Amino acid sequence: MVVVLTVLALIAVGCGGQDDGGGEGGDGGATATEEPAGDGEEAATTGETESITVLLPNPSAVNVFNLCAAMGEGYLAEEGIEVTVEAVDGSGPVLQAMVAGQAEIGLPGPGPILNARARGEEVRMFYNSFAQSLFGLVAPDDSEIETVDDLEGHTIGVGTAEGAEVSYARGILADAGMEEDTDYEFLPVGDGGQATAAFQRGDIVAYSAAISDMAIIEARGLPLREITPEEFLAFFGNGYAAMADFMEENPDLIEGFAQAMLRGNEWALDNKEGTLEHCAEINPEEGADTELTAVLYDAITARSQPLGEEPVGAFPVEGWEAWEQNLLDSGELDEPVDDLNAAYTNEFVESGS
């Protein structure tokens, strides 16, 4: 059983005080089994909505700034989609819940996706929410740890035992010729604030950190040094995913969700203040620290945009090949997955271009 740590929001879709019926008022949604409408007026013809649960690997709303904007600006409502957002502790529980039918859409990392597919779980990514690496290996700026090689014989902190940051760090250390539990060990210490305490206690000498964790740690007064090898900074991060059978049965819903994320991304990049207000509606506790959320927004939006010619939301083939090789090198995968292309699709983000 997956324990839900934080229920972030249950929204009545649409703008300006619509009720939970989702269909009354100016932006009521089309049914999710119809072709997604291009604007709110067309979507308002039926007043029907499809309710889904979106599961996140941590409770930060700023991490999903595009989702905040898509919800707050009514883009999901215009696609006929009503969303409940929940958070669990890491990509592993996200995938467990999806496999168990407890969530229609999740935001796992690519490493856990490939591990799940190797176990025969037909989960597939359809929107690349972070085109650049969300993770990095960091150490306190005043420590003796200056390179990955310096980590031999030490304990490295991770947020959770099954998070995407574990796969990421394990691949970096394997590339440096180190083996887990022989040359180093991981210690789950929680997210940024808890990691700060673990550094101060001396429990860990380095941390496999998400960008949001780095911002939190530094905001708590602990300057960091990033020791991530440059080639590993190009690995893309978490993306929206669904079970393959759900995608096949609900292509209009998946396309509508992806198109709402694209619109949310575009709006959010032009409206920092408004985006943070929407995120605060989803996670008021996080939103109360306006100084931190402003820093998080800057860091996370920068890592979400493609470096090359790939469209926003699309997955690069070479990125998946790099992730698979990373997992093979680290021993997380015994052999290549049967069909790497089946782990993702770009059709839903490209359909609106």
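That block above? That's the structure.
Residues numbered from 1 in each chain as written. Predicted model: local features only at pLDDT ≥ 70, side-chain atom pairs only at ≥ 80, totals over all residues. Heavy atoms only, no water.

Caption draft 1: Highlighting the overall build of the chain. Looking only at helices and strands, the chain has 15 helices and eleven strands in total. Here the analysis covers contacts within the chain between residues at least 6 apart in sequence; of these, 79% occur between residues at least 24 apart. Total accessible area on the chain is roughly 14,500 Å²; 44% of this is exposed by carbon and sulfur atoms. (Helix = DSSP H or I, 4+ residues; strand = E, 2+ residues; numbered from the N terminus. Contact = heavy atoms within 4.5 Å. Areas by Shrake-Rupley, 256 points an atom, 1.4 Å probe, with all protein chains shown as cover.)

Caption draft 2: Representation of the layout of surface pockets within the structure. One number sums up the size of the largest pocket: a volume of about 920 Å³. The wall of the largest pocket is formed by 42 residues, among which Asn-58, Pro-59, Ser-60, Asp-191 and Ile-216 lie closest to the centre. Going through the elements one at a time, helix 6 (164–175), helix 7 (192–201), strand 9 (206–210), helix 8 (211–219), helix 12 (284–287) and helix 13 (290–304) are the ones with two or more residues in the lining of the largest pocket. Residues of the lining of the largest pocket, tallied by class, amount to 17 nonpolar, 17 polar and eight charged. (1 Å grid on protein atoms, 1.4 Å probe; cavity = no way out; pocket = protein on both sides within 12 Å on 5 of 7 lines; lining within 4 Å. Points joined across faces, edges and corners; volume = space filled by probe spheres on them. Nonpolar A, V, L, I, M, F, W, Y, C, P; charged D, E, K, R; others polar.)

Caption draft 3: Inspection of the packing of aromatic side chains at higher detail. What the rule picks out here adds up to 16 aromatic pairs. The interplanar angle of 90° and the centroid separation of 6.4 Å between the aromatic rings of Tyr-168 and Phe-232 together place this pair among those described as edge-to-face. Here Tyr-168, found in helix 6, pairs with Phe-232, found in the loop between strand 10 (224–226) and strand 11 (239–243); they are 64 residues apart in sequence, far enough to count as distant. A single burial state applies to Tyr-168 and to Phe-232, both of which are buried. (Phe/Tyr/Trp six-rings, centres within 6.5 Å; stacked < 30°, edge-to-face > 60°. Buried < 20%, exposed > 50% of the residue type's maximum accessible area, 1.4 Å probe, protein only.)

Caption draft 4: Highlighting the sheet that holds strand 9. With mixed pairing, the five strands of this open sheet are ordered in space as 8-7-9-6-10. Each edge of the open sheet carries a strand with a single partner, namely strand 8 (184–188) and strand 10. For this sheet, the mean angle separating the axes of adjacent strands, direction not counted, is 35°. Judged from the four bridges that link them, strand 6 (residues 135–140) and strand 9 form a sheet pairing that is antiparallel. Across the sheet, residue Phe-135 finds its bridge partner in strand 9, namely Ala-210. Across the sheet, helix 8 lies against strand 6, strand 9 and strand 10, angled at about 120° from strand 9, the strand it touches most. (Pairing = 2+ DSSP bridges. Axes fitted to C-alpha atoms, helices over the stretch in contact; angles between N-to-C directions.)

Caption draft 5: Up close: the pattern of salt bridges. Enumeration over the complete set of coordinates arrives at seven salt bridges. For Glu-78, the salt bridge identified is with Arg-263, shortest N-O distance 2.8 Å. Here the residue Glu-78 occupies a position in helix 3 (residues 75–78), and Arg-263 occupies one in helix 10 (residues 251–270), the gap between them amounting to 185 residues. Overall, the relative accessible area of 29% leaves Arg-263 in the partly exposed class. Between Asp-298 and Lys-272 there is a salt bridge, with the nearest N and O atoms lying 3.0 Å from each other. With a gap of 26 residues between them, Asp-298 in helix 13 and Lys-272 in helix 11 (residues 272–282) connect regions that are remote in the sequence. Classification of Lys-272 as partly exposed rests on a relative accessible area of 30%. Through salt bridges with shared partners, a single network forms among Arg-170, Glu-180 and Glu-332. (Salt bridge = Lys/Arg side-chain N within 4 Å of Asp/Glu carboxyl O.)

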